[in-house]
Each structure stands twice: as structure tokens, then as C-alpha cells.
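# Fold and geometry: a report
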Amino acid sequence: MKSSAPGKIILFGEHAVVYNRPALAVPVDQVQVDVEVCDSDKPGVWIDAPMVNLQGELSTLPSDHPIGAVILKVFHHLGISPRPNISVTVTSTIPVAAGLGSGAAVSVALVRALSSFLNHSLSNEQVNQLVFEIEKLHHGTPSGIDNTVITYNMPVYYMKSKPIETFKCGKPFTIVIGDTGVPAPTKQSVGDVRRLWLRDSNRFETIFNEVAQISTMARHFIESGRPEHLGELMDHNHEFLQQMTVSSPELDVLVAAACKAGALGAKLSGGGRGGNMIALVDQASAESVAGALMSAGAKRTIITEVK
Ligand code: MEV
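It should be emphasised that the depicted structure is a prediction, and the values quoted were computed from it without experimental measurement. (Residues numbered from 1 in each chain as written. Predicted model: local features only at pLDDT ≥ 70, side-chain atom pairs only at ≥ 80, totals over all residues. Heavy atoms only, no water.)

### Here we look at empty space enclosed by the protein
- A full pass over the atoms with the stated rule returns one cavity of 30 Å³ or more.
- Space inside the largest cavity adds up to approximately 30 Å³.
- What lines the largest cavity is P95, L100, I177, D179, N276, R300, T301 and I302.
- Listing elements by their share of the lining of the largest cavity, those giving two or more residues are β8 (173–179) and β11 (300–306).
- Considering every element that reaches the lining of the largest cavity, the biggest residue donor is β11, with three residues. (1 Å grid on protein atoms, 1.4 Å probe; cavity = no way out; pocket = protein on both sides within 12 Å on 5 of 7 lines; lining within 4 Å. Points joined across faces, edges and corners; volume = space filled by probe spheres on them. Helix = DSSP H or I, 4+ residues; strand = E, 2+ residues; numbered from the N terminus.)

### A look at the side chain of S269
- By secondary structure assignment, the location of S269 is in strand β9 (residues 265–269).
- A polar side-chain atom of S269 sits 2.8 Å from the main-chain carbonyl oxygen of I10.
- Other than its neighbours up to four places away in sequence, S269 contacts I9, I10, E14, N276, M277 and I278. (Polar contact = N/O pair within 3.5 Å; in protein donor to acceptor, adjacent residues only side chain to side chain. Contact = heavy atoms within 4.5 Å.)

### Examining the site of the ligand
- What surrounds the ligand is a group of 13 residues, the closest being K8, H15, P142, S143 and D146.
- At 3.0 Å, a side-chain N or O of K8 approaches an oxygen atom of the ligand.
- In this structure, D146 approaches the ligand through a side-chain N or O atom, which is 3.1 Å from an oxygen atom.
- Across the complex, the protein chains shield 95% of the 300 Å² of accessible surface that the ligand would expose by itself. (Near = heavy atom within 4 Å. Areas by Shrake-Rupley, 256 points an atom, 1.4 Å probe, with all protein chains shown as cover.)

### A few points about the layout of surface pockets
- The volume enclosed by the largest pocket comes to roughly 840 Å³.
- If you trace the largest pocket, you find 43 residues lining it, with G103, E135, H139, D146 and T186 closest to the centre.
- Looking at the lining of the largest pocket, the elements with two or more residues in it are β1 (2–12), α1 (66–78), α2 (102–117), α3 (124–139), α4 (145–152) and α5 (186–199).
- With five residues, the top contributor of residues to the lining of the largest pocket is α2.

### A few points about the domain arrangement of the protein chain
- Domain assignment breaks the protein chain into domain 1 (2–166) and domain 2 (173–306).
- Measuring from the centre of the C-alpha atoms in domain 1 to the corresponding centre in domain 2 gives 24 Å.
- The interface is formed by 30 residues belonging to domain 1 together with 45 residues belonging to domain 2.
- Both sides together, the interface formed by domain 1 and domain 2 hides about 2,900 Å², and carbon and sulfur atoms give 63% of it.
- Together, F12, H15 and Y19 form the three largest contributors to the area buried by domain 1 at its contact with domain 2, with a combined 26%.
- Run the count over domain 1 and domain 2 and you get three salt bridges.
- The closest approach of N and O atoms between K267 and E14, which form a salt bridge, is 2.9 Å.
- Here domain 1 is connected to domain 2 by 15 residue pairs in polar contact (both at pLDDT 80 or more).
- At the level of elements, β1, β2 (23–39), α3 and β7 (165–166) are the ones that each hand at least two residues to the side of domain 1 that touches domain 2.
- Sorting elements by how many residues they give to the side of domain 1 that touches domain 2 places β2 first, with six residues.
- When its residues are assigned to classes, the side of domain 1 that touches domain 2 shows 18 nonpolar, nine polar and three charged. (Domains from an automatic or database assignment. Buried area = accessible area lost by both parts, 1.4 Å probe. Salt bridge = Lys/Arg side-chain N within 4 Å of Asp/Glu carboxyl O. Nonpolar A, V, L, I, M, F, W, Y, C, P; charged D, E, K, R; others polar.)

This is how it looks when you write it as C-alpha cells:
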């Protein structure tokens, strides 16, 4: 039984989304996780996940291991006992800790492949709920946006505890993703923003309200087919993320390089302090902006069309 899941980027509203403000995220299908589950001759649950150097039997892993924890959660949820003799192979082209949702994508593909193999296919809603519980084990207070956009594999306008809204693009637009190569410590940056918010909640509530307006306007421009207006909104969103202290010198250098090379706007994307930035570009200048990002120190770029 096989299953795949895409990566994701947050277009607008990261961090503010943890505080019940809306955010926009889209899947990135140039990168993906693939999971295959099959019967094994050997007794036990054998896991092979080369991208995290893991090869071993489930019971030898620490109980909070990201892949082991997903498998145990699925067994528990489906009431599977004793454990079946199976082999689970996880391969991924999504860079780890880059803000592209690699952890949530592994969980989504694993939950789907495993539950289908065990003849208990789950609905999107059930997959999303289970993966959100796993995200909480690893990230403290996640908003749920990563698991949602990856489970549904569609652009989402996300607000915590609200029914999921997907949105359609009036006109496609092109985004260049630039990876700083610095691991994004999302749990830490989310925790730091919480400490700052607790210390100065008036200031942070104001910042989150400004970001909420940006996300709302961005959705409007996307749906009404005027994506060229998103550039300025990205620049503003990046400034607010800097005020939240989640940018970094490497991210700021790439954002400036993209704009200098002709991008219509740019911002960090995801938890920040490392990981990725995104730039809005005319399709014709995508390659030259990507080249400028590499010259400015990006470790990798991805050009993706949002449709
Ligand atoms: C991480 O991709 C996005 C954050 O807003 C955290 C979250 O929403 O859980 C930084």
C-alpha cells in the first residue's frame, strides 16, 4: 500500500495564526513524501527511512520518535493488537526542518498508507485530526495549518477552530522559494513569540491584527485574479515578522536579493529564524530571481506555480 503527501508553504499569516488570526497556505507538489507499507517475513514492524538515517524495528525506537509515534498512534486509534509483521518505507524529497512541512507530510502519508493497509481507510477529517495530535507532541502549540494544507492538498485560508476554507486562484501566480539551509527551529520561534506576547500583549496583539488584515486582503486579491498586488503585502508581512523577532540575517539577505533581482515582493515563510523565504515573481523573471537567490547564499530554490 502506497501513499504520498506534498510539501507546503505559508503565503501569509504565520505565527499570527497561532493567535487565532487567519493565514494562507498552499501545497508545494515539486517535493513530496512517499510511504509504502507491505507484509514482512520477519516478526515486527520494520522501518526504513533513509532521509533521517533510520533503519530498525519499532520497539527499539524511543517512544517519542516522530515516525514511531505516528505508527503507534495509528495502531492505538484503530485498535490494532497484536502488532502486525510489516515493513514501512518512508522516502522524501522535502528538505527536513526547512519550513516546508516535512514532518506533517511524513505523518499524513504514513497515516494514510498504514490505515489503508490495515483495511481501515480514514477520511481526510480523521487523518487531519490524528496528524494534528502528532504535531502537538513535537511542536508544543501548533495552529494546525501545516497538517491541514497537506492533508487536503489544496490552498487553504486557515483559522484555528474554524471550519476549513479552501480558496481558488482567479489567476495563477509564480513563487520562488529560497532555502537558507539553516534549520528552522519552529518550536523555539513559536515559544519565543509566546514569551514576547505574554510580556507585551498590547503590542503583539496590534501586530497580529495588522497581519490578519494582510491575510484577508491577500485572499481577496488572489480570488479576484489580481495576484500582482500580493508583492507589497508580502513586504509588509515580512516587516511584521521581523518585529516578532522571527527573521534572521540569512532570511533578510535572501528577501533583499529577491527584491533587487526584480521580485514583486518577498517574505520569510513558516516558523522563521532559518528555513525558507518566498518571493512573488513574474513568470518570465522566475529563473533570474532563483539565480540571484543562489548567488546570495540560498542552498536550494524551488519555482512553484500557485493555481
Ligand atoms: C509553521 O509552519 C507556522 C507557524 O505559524 C506555526 C504554526 O502555525 O503552528 C509558525
